[in-house]
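Summary of structural features
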Amino acid sequence: MNNLVLLTLGATLLAGLFVALGVHAYASGHAQRAALIERLSASGAPEPTGRRRRFPAVDRRLRGTRFGRRLELKLATTGMDLTPGEFFVYMLMAVAGVWLVSASLLAPFFGPLAGLIGIWAANAFLNWQRARRTERFINQLPELARILANATQAGLALRTAIGIAAEELEAPAGEELSRVADRLAVGHSIEEALGEIVDRLPSRELVVLVSTLVLSARAGGAIVGSLRNLTVTLEQRKETRREIRTQLSQVTVTAYLVPAIGLGSLLLVNAMMPGALDRMTGAFIGQVAVLVSLGLFALGFVLIRRLSKIDV
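This write-up is about the structure you can find in this document.

So, how was this worked out
- Residues numbered from 1 in each chain as written.
- Predicted model: local features only at pLDDT ≥ 70, side-chain atom pairs only at ≥ 80, totals over all residues.
- Heavy atoms only, no water.
- Helix = DSSP H or I, 4+ residues; strand = E, 2+ residues; numbered from the N terminus.
- Buried < 20%, exposed > 50% of the residue type's maximum accessible area, 1.4 Å probe, protein only.
- Contact = heavy atoms within 4.5 Å.
- Areas by Shrake-Rupley, 256 points an atom, 1.4 Å probe, with all protein chains shown as cover.
- Axes fitted to C-alpha atoms, helices over the stretch in contact; angles between N-to-C directions.
- Parallel < 35°, antiparallel > 145°, perpendicular 65-115°, else oblique.
- Left-handed = near helix turned anticlockwise from the far one by under 90°.
- Nonpolar A, V, L, I, M, F, W, Y, C, P; charged D, E, K, R; others polar.

1. Overview of the overall build of the protein
Secondary structure assignment for the protein yields 13 helices and zero strands. Going from N to C terminus, the protein has its helices and strands arranged as α-α-α-α-α-α-α-α-α-α-α-α-α. Across the 312 residues in the protein, those meeting the buried criterion constitute 34%. Contacts in the protein between residues far apart in sequence, at least 24 positions, make up 69% of those at least 6 positions apart. Within the structure as shown, the protein displays about 18,700 Å² of accessible surface, and the carbon and sulfur contribution to it stands at 63%.

What follows is the structure, given as structure tokens:
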């Protein structure tokens, strides 16, 4: 009966989390659609639209802490339309649901472990979103360099060329360049404005492009020829990165299959012998064995990911 109650509570929390995420996605899509209609309409300039933020009290308290400021900065680099308070509450709901489901399906000992894994997974999700956004931005760099080269060749200033590129390119490059154009409009230098992009989306390709633009703006020179050559180089690096990612796709899948096999073996043992995990984790030696095995699975995941990481 206790397991059934825990399972019901966990399923309820997970369902509530999915409902909250669905409402958030609907509200965000509705706001974007309204903004698009306003832009496409012929009457006047569009008014700023935005969705109503949830959990404002939690968000205010969280922003006053060091953890909250770090979380806000990380969320800004991912491009997600979430406040630190919203993400924190959603993470707690997911961790609580995973905790209760694991405790009811496996054994109470696995509840805290699942909660810790859930917290790690939330941080890993943010890092994955940041890496994904950075990768998309890197793929847009050749087109960005091409637009800047064409604009400067036409006689436009670099500040104007950045504004044109912000309008022509899609997210995330368009969003980041819009921030740069806004900062340039209020008096920031090109070095400061472009340096913020490097801090948010670090990559070698972006560092080279920013260095080229900053040096050209500071000392002058043949910026058009430099951007043309940089465009060719960025295209070649883009193709190289794609080939490496394709070659290592099997290794990446293997890295995720290793912990999945461990979880599947636990579920299989518990299905074949109901209550076996509860009896095993009831003794100290069993708890140590579980922790050691989980540590080995985690070590295998980390080692495989390290072996498949190649810097280009």
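2. Quick look at the packing of helix α5 (residues 110-153) against helix α6 (residues 158-168)
Packing of α5 against α6 brings their axes to within 9 Å, and their N-to-C directions diverge by 135 degrees. One element, α5, and the other, α6, form an angle in the oblique class. Crossing of α5 over α6 shows right-handed handedness. Between α5, through Leu 144, Ile 147, Leu 148, Ala 151 and Thr 152, and α6, the contact on the second element is made entirely by Ala 161, Ile 162, Ala 165 and Glu 168. Its residues assigned to classes, the contact of α5 with α6 comprises seven nonpolar, one polar and one charged.

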